[in-house]
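Residue strings, one per chain:
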Amino acid sequence: MSAAAGPVTTSAAAVRNADAPVQPNGQAGPPSRPDDVVAAPAAVTPQELRAAFGRFATGVTIVACRPPAGSPVGLTVNSFGSLSLDPPLVLWSLRSSSPALPAFRAAPTFAINVLAESQVGLSRRFASKLPDKFAEGLWSAGAGGAPLLAGCAASFECERLSDQEAGDHVLFIGRVIGVADAPVPPLVFQAGHYRLLGDIL
Ligand SMILES: Cc1cc2nc3c(=O)[nH]c(=O)nc-3n(C[C@H](O)[C@H](O)[C@H](O)COP(=O)(O)O)c2cc1C
């Protein structure tokens, strides 16, 4: 999910709503199943949510797959998260309206390529609508066929375990079948801007 700069709302209504999610029946309490995820209460606008989400600093990845008998597909993603060590699981989410969705649902594997700060150009490229995104960068196929990018801070090749609708996104969970990392500075994204990693505190 991309983030943008903007004011943070601190109204009492927003805080109350954040503490007690409202269910479809109007009662407060946590959702019981993933598909019970409810629309944002009217007191919280998408703009306010986007601004608040964007305060969370993330790394930047290119998530890529090669569907059967198809060309590689990939996009810039910062919704990546580590989920489990045993078994080794990761997650990320894709906008439901993305033209890339059929490819990620068809491909048995995908790769999470964690970008180095030197790869900001590739991040911009894979966040665009360019038809030939893979014409730049050094790409190779992983053991499971997913596109791996050279020069990354880390890469995870994964078998797709599930793809589940959640609001306006589809949540992908993958089981890691290959991993690599390198001690290069990672690219950072926060409040709508690419940034360099700061000092160790
Ligand atoms: C830093 C950053 C992070 C992004 N994270 C996501 C994400 O997690 N999920 C998503 O669906 N789109 C995300 N996007 C937007 C996609 O990269 C963008 O919509 C891309 O053009 C999609 O390609 P498509 O036209 O092939 O769908 C992000 C964009 C940026 C710049």
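Below: a short report on this structure.

Before going further, it helps to examine the overall build of the protein. A count of helical and extended segments in the protein gives 4 helices and 12 strands. Relative to its 201 residues, the protein shows a buried fraction of 25%. Considering only contacts within the protein whose residues lie at least 6 apart along the sequence, 65% involve residues at least 24 apart.

Of the pairings in the sheet, the one linking strand β4 (residues 81-84) to strand β5 (residues 89-95) comprises 3 bridges and is antiparallel in character. Paired with S82 across the two strands is V90, which belongs to β5. With antiparallel pairing between neighbouring strands as the criterion, β4 and β5 make up a hairpin whose turn holds 4 residues.

For the peptide bond that leads from D86 to P87, omega is 5°, which places it in the cis range. Structurally, P87 is set in the loop between β4 and β5. The phi angle at A191 is positive, at roughly 50°, despite the residue not being glycine.

Here we come to the sheet that holds strand β6 (residues 109-114). Within the open sheet, the 7 strands sit side by side as β3-β2-β6-β9-β10-β5-β4. Their pairing is antiparallel. Since the sheet does not close on itself, it has two edges, and those belong to β3 (73-77) and β4, each with one partner. Neighbour-to-neighbour, the strand axes of the sheet open up by a mean angle of 35°, direction not taken into account.

Our focus in this paragraph is the site of the ligand. Taken together, 18 residues are adjacent to the ligand, and T76, N78, S79, R95 and S98 come closest. Breaking the shell around the ligand down by element, the ones donating at least two residues are β3 and β5. Among the residues forming the shell around the ligand, the class breakdown is 9 nonpolar, 7 polar and 2 charged.

By the secondary structure assignment, Q190 is in strand β11 (residues 187-190). A residue is classified by how many C-beta atoms lie within 10 Å of it, and Q190, with 15 of them, is partly exposed. Sequence separation of Q190 and R55 is 135 residues, and the distance between their C-alpha atoms is 6.0 Å. Discounting residues that sit within four places of it in the chain, Q190 has contacts with G54, A57 and R195.

Once that is clear, we can look at the sheet that holds strand β1 (residues 58-59). Here 3 strands make up an open sheet; going across it, the order is β1-β11-β12 and the pairing antiparallel. Each having just a single partner strand, β1 and β12 (193-196) make up the two edges of the open sheet. Across 4 bridges, β11 lies against β12 in antiparallel orientation. Of the residues in β12, the one forming a bridge with V188 is R195.

Residue position: E136 is located in the loop between α4 (120-126) and β7 (139-141). With 13 C-beta atoms packed within 10 Å, E136 lands in the partly exposed category. Apart from residues lying up to four places away in sequence, E136 is in contact with L122 and R125.

Before going further, it helps to examine the nonpolar core. A64, C65, F110, I112 and L115 are the most contacted members of the largest nonpolar core, which has 32 residues in total. Residues in contact with I112, not counting those within four places in the same chain, are T61, V63, F80, V90, W92, S155, F156 and C158.

For the rest of this paragraph, the subject is the environment of G145. Considering the arrangement of structural elements, one finds G145 in the loop between β7 and β8 (147-149). Taking C-alpha positions, G145 is 9.1 Å from P67, a pair spaced 78 residues apart along the chain. Not counting residues within four places of it along the chain, the set of residues in contact with G145 comprises R66 and T109.

Definitions and cut-offs
In this convention, every chain numbers its residues from 1, walking through the sequence in written order. pLDDT decides what is reported in this predicted model: residues at 70 or higher carry local features, side-chain atom pairs at 80 or more are listed and counted, and totals for whole chains, interfaces and linings draw on all residues regardless. Here a helix means four or more residues in a row that DSSP labels H or I, a strand means two or more in a row labelled E, and each is numbered from the N terminus. Here a residue counts as buried when 20 or more other C-beta atoms sit within 10 Å of its C-beta, as exposed when there are 12 or fewer, and as partly exposed otherwise, the C-beta atoms being derived from the backbone. By the criterion used throughout, residues are in contact when their C-beta atoms, derived from the backbone, lie within 7 Å. The criterion for strand pairing is that DSSP finds at least two bridges linking the strands in question. Axis definition: a line fitted to C-alpha atoms, limited for helices to the stretch in contact. Angles are taken between N-to-C directions and run from 0 to 180 degrees. Using a C-beta atom placed from the backbone for every residue, we mark a residue as near a molecule or strand if that atom lies within 6 Å of it. When residue character is reported, Ala, Val, Leu, Ile, Met, Phe, Trp, Tyr, Cys and Pro are called nonpolar, Asp, Glu, Lys and Arg charged, and the others, Gly included, polar. Each nonpolar core consists of buried Ala, Val, Leu, Ile, Met, Phe, Trp, Tyr and Cys residues. Their C-beta atoms, within 7 Å, join them into a set.

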